[in-house]
Each structure stands twice: as structure tokens, then as C-alpha cells.
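Survey of secondary and tertiary structure
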Amino acid sequence: MNLSGTLYIISAPSGGGKTSLVNAMLAELSNITVSISHTTRAPRVGEIEGKNYFFVDEATFRHHQEAGTFLEHAKVFNNWYGTSKTWVLEQLAKGIDVILEIDWQGAHAVKEQMECTSIFILPPSREVLLKRLVNRSQDSQAIIDVRMKQASQEISHHTEYDYVVVNDDFELALHDLKSIIIANRLRVVKQKVRYEALLHSLVVKEQ
Ligand SMILES: Nc1nc2c(ncn2[C@@H]2O[C@H](COP(=O)(O)OP(=O)(O)O)[C@@H](O)[C@H]2O)c(=O)[nH]1
Ligand SMILES: Nc1ncnc2c1ncn2[C@@H]1O[C@H](COP(=O)(O)OP(=O)(O)O)[C@@H](O)[C@H]1O
């Protein structure tokens, strides 16, 4: 299969700003989309089925897993999360760039199977990370405690990624993230695929 789109992995500790940054970026860039994962986590207030996640029970998740539906899957904070393989491959085949918002375990699994560009988002400090999780007003204190406990482990993997973006000032972080995507698109190898006809007409064949 000719996969002309680029696959991006974006990881961060919970509350690091992945979802906000990705949504802001998708509003500004064309030809790029985000994969909607399956999860056994209960929906938060305001989360929409098929938009934020496909919310499934454990039996359904296991069924998908056994059927080979997932490109990768992992247990994070005691819930299962998985990425739909077919959907991702279809977008890439259409030339659409795809973002996976997944944890470091999923990133490992995807990197073993496919070419991709990986980006890790760091918060400016633990204090700010905690403040953002609290201010998001979506999770109970107990859930926030678990996420803060796991944050160090997730962050310890940041050196395995191609790029690191610090999400202190939102607009600056968004600019950095967009710059990575744009620079990637300008790489010669991608230009060749996207502008084949133009390049063909520009290069005059010697007699
Ligand atoms: N491996 C893997 N991780 C995922 C997937 N979807 C989400 N995650 C990770 O699961 C973690 C928890 O996600 P979520 O419950 O939505 O919490 P949030 O990150 O605080 O918004 C995040 O760190 C994501 O990176 C997936 O499909 N695969
Ligand atoms: N640079 C930033 N400055 C202030 N608040 C931010 C910033 N980035 C994200 N937030 C806020 O922090 C909270 C966590 O961000 P979110 O995108 O949900 O993180 P993640 O998807 O990584 O868990 C949200 O309420 C979001 O609006």
C-alpha cells in the first residue's frame, strides 16, 4: 500500500495539553486529522461518542483486540485504549496526515511497525501540570492523583521522541507544533510525492 500521508505520534502526561494543542492545530492546518481511539474509560461530562473516543466495555475491547482491529493498544491509568488500524491506513493511503494521541507504550508499538514522526509535549513544571488537571474540572481528586503519579513515568520516555515541545505559553507551543508539521511536509522526499507533475514539467530532459 502506498502511504503518502505522514503518521505523527503525540504523547504527553495527562493534562500536558495534547488535546487542546491538537484541536487548535487541526483548525489551522489542512490535510491532517486525528485518530479517534477506542477506550474502556467512562466518558467525561461533555465528551461525545465518536468525536472524543469510541467508548466500549471491556468485552467489546477484547473482541476488537482479538480480531486484530488495533494498530496498537495499551492499558493506561487502569483503562484500555486502542488505535484503529484500518482507519489510520486508509487516511495515510489518501495522502492525509494522521495524528495519534497515544502514550509511550503505544508509541513504542507503532514505531516498531511503521515510519512515523513522534513529538512529546512537556508541561513547564509539575505544579503547573497539577493546576491544569485541577482547572480542567473533569476528573476527581483520586483520578488526578493517579495521573500525577504516572506523569513522571510518561515524561521519562520523552528522549525516545523525535521532537520535544514545552507547553508553557499556549500560542508558542502551538507555533512549535505547527512548525514541526510544516517542516516535515517540506522534506524533499514528501515534495516528490506531492508535486510529481510540477517537478516533471520543471525538469527539462537533456537531448
Ligand atoms: N496507547 C494508547 N494510549 C492512548 C490512546 N488514546 C489515549 N491514550 C493515552 O491515554 C492517556 C489517558 O487519556 P485520557 O483518559 O483521555 O486522559 P487525558 O490524556 O488526561 O485527556 C493519555 O495519556 C493518552 O496518551 C490509544 O489509542 N492508545
Ligand atoms: N499552555 C497552556 N496554558 C494554560 N492552560 C493550558 C495550556 N495548555 C493546555 N491548557 C489547559 O490544560 C488542561 C489540560 O489540557 P488537555 O489538552 O486536556 O491535556 P491532555 O489532552 O494532554 O490531557 C485543559 O484545561 C487545557 O485547556
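Anyway, here's the lowdown on the structure attached to this text. (Residues numbered from 1 in each chain as written. Chains lettered and ligands numbered in written order. Predicted model: local features only at pLDDT ≥ 70, side-chain atom pairs only at ≥ 80, totals over all residues. Heavy atoms only, no water.)

Examining the pairing of strand β8 (residues 117-122)
To keep things clear, this is the line we draw: Any residue under 20% of the maximum accessible area for its type is buried, any over 50% is exposed, and the rest in between are partly exposed; the area is computed with a 1.4 Å probe on protein chains only. Strands are runs of DSSP state E lasting at least 2 residues, helices are runs of H or I lasting at least 4, and numbering of each runs from the N terminus. Note: two strands are recorded as paired if DSSP finds a minimum of 2 bridges between them.
With six of six residues buried, β8 is to be regarded as a mostly interior element. Neither face of β8 is left uncovered, since the one carrying Thr117, Ile119 and Ile121 and the one carrying Ser118, Phe120 and Leu122 both have all their residues buried. Two elements, β8 and strand β9 (residues 163-166), share four bridges in a ladder whose sense is parallel. Across the sheet, leucine 122 pairs through a bridge with valine 166, a residue of β9.

Quick look at the site of ligand 2
Condition: Proximity is defined per residue: if any heavy atom of the residue lies within 4 Å of a molecule or strand, that residue is considered near it. Contacts described as polar in this section are N or O atom pairs within 3.5 Å, which, within protein, must combine one atom able to donate a hydrogen with one able to accept it, while residues neighboring in sequence count only if both atoms come from side chains. With residues, only the protein chains shown are counted as cover, and all accessible areas are computed by Shrake-Rupley using a 1.4 Å probe.
Around ligand 2, the surrounding shell holds 13 residues, and the nearest of these are Gly15, Thr19, Ser20, Arg136 and Asn167. Between ligand 2 and glycine 17 there is a distance of 2.9 Å, counted from an oxygen atom to a backbone nitrogen or oxygen. Serine 20 is positioned such that a nitrogen or oxygen atom in its side chain is 2.4 Å from an oxygen atom of ligand 2. When ligand 2 is considered free in solution it has 560 Å² of accessible area, and contact with the protein chains removes 75% of it. For the shell around ligand 2, the secondary-structure elements that each account for two or more residues are α1 (18-28) and α5 (126-136). Ranked by residues supplied to the shell around ligand 2, first place goes to α1 with three residues.

Re helix α6 (residues 141-155)
What counts is decided by this rule: What a helix is expected to span follows from its residue count: subtract one and scale by 1.5 Å. Note on bend: the value at a residue is the angle between axes fitted to the seven residues ending there and to the seven starting there. Residue contacts follow a heavy-atom distance rule, with two residues in contact if any of their heavy atoms lie within 4.5 Å.
Taking 1.5 Å per residue, 15 residues should reach 21 Å; α6 reaches 21 Å between its end C-alpha atoms and fits that length. Considering bend angle alone, the principal kink of α6 is centred on lysine 149 and spans about 25 degrees. Every buried residue of α6 is accounted for by Ile144, Arg147, Met148, Ala151 and Glu154. Against the buried residues of α6 lie β1 (7-11), β6 (79-84), α4 (104-113), β8 and α5.

What to know about the pattern of salt bridges
Which entries qualify depends on this criterion: By salt bridge we mean one thing: a side-chain nitrogen of Lys or Arg within 4 Å of a carboxyl oxygen of Asp or Glu.
One pass over the full model with this rule turns up six salt bridges. With a shortest N-O distance of 3.0 Å, glutamate 47 and arginine 41 are connected by a salt bridge. Taken as a pair, glutamate 47 and arginine 41 share a single burial class, namely buried. Here arginine 44 ties to aspartate 139 by a salt bridge, and the two come within 3.3 Å at their closest N and O atoms. In this pair, arginine 44 is assigned in the loop between β3 (38-39) and β4 (54-55) and aspartate 139 in the loop between α5 and α6, connecting sequence segments 95 residues apart. Residue aspartate 139 is classed as buried on the basis of its relative accessible area, which comes to 15%. It is possible to trace a salt-bridge network through shared partners that takes in Arg41, Arg44, Glu47, Arg136 and Asp139.

That's the geometry; what it means functionally is another story.
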